[in-house]
Amino acid sequence: SQELEQSPQSLIVQEGKNLTINCTSSKTLYGLYWYKQKYGEGLIFLMMLQKGGEEKSHEKITAKLDEKKQQSSLHITASQPSHAGIYLCGAHKAYNNDMRFGAGTRLTVKP
Amino acid sequence: KAGVTQTPRYLIKTRGQQVTLSCSPISGHRSVSWYQQTPGQGLQFLFEYFSETQRNKGNFPGRFSGRQFSNSRSEMNVSTLELGDSALYLCASSLFDRAPEAFFGQGTRLTVV
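Residues numbered from 1 in each chain as written. Chains lettered and ligands numbered in written order. Predicted model: local features only at pLDDT ≥ 70, side-chain atom pairs only at ≥ 80, totals over all residues. Heavy atoms only, no water.

K.L.:
Hey, could you run me through the side chain of D85 of chain B in this one?
P.N.:
Residue and element names in this part refer to chain B. Considering the arrangement of structural elements, one finds D85 in the loop between β8 (74–78) and β9 (87–94). Among the polar contacts listed, one links the side chain of D85 to the backbone nitrogen of E82, at a separation of 2.8 Å. Once residues within four sequence positions are removed from consideration, D85 is found in contact with Q36, R63, F64, V78, T80, L110 and V112. (Helix = DSSP H or I, 4+ residues; strand = E, 2+ residues; numbered from the N terminus. Polar contact = N/O pair within 3.5 Å; in protein donor to acceptor, adjacent residues only side chain to side chain. Contact = heavy atoms within 4.5 Å.)

K.L.:
Looking at this model, I keep getting lost on the sheet that holds strand β8 (residues 71–76) of chain A. Mind explaining?
P.N.:
Each strand in a sheet pairs with another by means of backbone hydrogen bonds, the pair being arranged parallel or else antiparallel. All names here are of chain A. An order of β1-β3-β8-β7-β6 is seen for the 5 strands of this open sheet, with the pairing classed as antiparallel. Across the chains shown, the open sheet's two edge strands, defined by having one partner strand only, are β1 (4–7) and β6 (55–58). Strand-to-strand twist across the sheet, computed as the mean angle between neighbouring axes with direction ignored, equals 15°. Across 6 bridges, the pairing between strand β3 (residues 19–25) and β8 is antiparallel. When the sheet's bridge partners are listed, T24 is paired in β8 with Q71. (Pairing = 2+ DSSP bridges. Axes fitted to C-alpha atoms, helices over the stretch in contact; angles between N-to-C directions.)

K.L.:
When you look at the interface of chain A and chain B in this model, what are you seeing that I'm missing?
P.N.:
Frequently, the measure chosen for interface size is the accessible area that the parts lose on association. Between chain A and chain B, the residue contacts involve 19 residues of the former and 24 residues of the latter. Inspection of the region where chain A meets chain B yields 0 salt bridges. When the residues that make up the side of chain A that touches chain B are grouped by side-chain class, the tally is 9 nonpolar, 8 polar and 2 charged. (Salt bridge = Lys/Arg side-chain N within 4 Å of Asp/Glu carboxyl O. Nonpolar A, V, L, I, M, F, W, Y, C, P; charged D, E, K, R; others polar.)

K.L.:
Even after reading the chapter, I still don't get the packing of aromatic side chains, so can you show me in this structure?
P.N.:
The description of two aromatic rings rests on the distance between their centres and on the angle between their planes. Residue and element names in this part refer to chain A. Applying the stated criterion across every chain, the model contains 11 aromatic pairs over all chains. Aromatic pair Y33 and Y35: ring centres 6.5 Å apart, planes at 20°, arrangement stacked. There is no split in this pair, since Y33 and Y35 are both buried. Between Y35 and F101, the ring centres sit 6.0 Å apart and the planes meet at 55°, which makes this aromatic pair tilted. (Phe/Tyr/Trp six-rings, centres within 6.5 Å; stacked < 30°, edge-to-face > 60°. Buried < 20%, exposed > 50% of the residue type's maximum accessible area, 1.4 Å probe, protein only.)

K.L.:
Is there a simple way to explain the pattern of salt bridges in this structure?
P.N.:
Close approach of charged atoms allows side chains with opposite charge to pair. All names here are of chain A. The final tally for this structure, using the stated rule, is 7 salt bridges over all chains. Taking the shortest distance from any N to any O, the salt bridge between E55 and K64 comes out at 4.0 Å. Residue classification places E55 among the partly exposed residues on the basis of a relative accessible area of 48%.

K.L.:
Explain the pairing of strand β11 (residues 105–110) of chain A here, please?
P.N.:
In regular strands, side chains alternate between the two faces of the sheet. Residues and elements named next belong to chain A. Only one face of β11 is buried, namely the one carrying T105, L107 and V109, since none of R106, T108 and K110 on the opposite face is buried. By the bridge criterion, 3 bridges tie strand β9 (residues 85–92) to β11 in an arrangement that is antiparallel. By the bridge assignment for β11, I86 is matched with R106.

K.L.:
Is there a simple way to explain the environment of K64 of chain A in this structure?
P.N.:
Residues and elements named next belong to chain A. With respect to the helices and strands, the residue K64 is situated in strand β7 (residues 61–65). Residue classification places K64 among the partly exposed positions, given a relative accessible area of 42%. When the C-alpha positions of K64 and G53 are compared, they lie 6.8 Å apart, and in sequence the two are 11 residues distant. Not counting the four nearest positions on each side in its chain, K64 is found in contact with L49, E54, E55, Q71, S72 and S73.

K.L.:
How should the sheet that holds strand β7 (residues 64–68) of chain B be read in this particular structure?
P.N.:
Residues and elements named next belong to chain B. A sheet is described by the order of its strands in space; here 4 strands give the open sequence β1-β3-β8-β7, paired in antiparallel fashion. Both outer strands of the open sheet, β1 (5–7) and β7, are each paired with one neighbouring strand and no more. Across the sheet, the axes of successive neighbouring strands diverge by a mean angle of 20°, strand direction being ignored. Note: β7 against β8, 5 bridges, orientation antiparallel.

Right, here's the structure in full:
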């Protein structure tokens, strides 16, 4: 079973709408990462969160890590077709580079 | 600055054969991690190399192996290929082991027939 649970599994939104993707862990997260992947291609690093309560933004994408460091959310404002893809959250298993990933959320943005 | 380069991009092999995939990390990065991505299992960690030493290994059979060279380039090898080895193989590069950020290559799509 996945150590990181992402929800929803897929999302279809109309262009211009806001959306949120969640990533939940049963254990404390030592660094939470968000990546975007176009089908069959490599992962593009979006953001990294390490401190409880931390929030980061890049263009129209905002990610937060809750105080207990067990859940993160990725919020996209005014979605565009270019936001379409698979969003994956990843986290280190303790302090090493063994990163575990969620199953991903497939986002479709309808023009 | 060049990104992570993986070669080849696509590969078709027959069951029982072996395959070698290559990954050149970002210049200056010394850590390379390998992942397997399949529709059923998602992204799974294979192993991580730093300074030519394997630091961590995921839960994969011994048919999967790797190495890292002094210039930080890494190769992974899969012997006695099985149909289930068909996947996208991704490598990630980091400045050092336990570095907070990892940058991924485009991947090698391996198809075993």
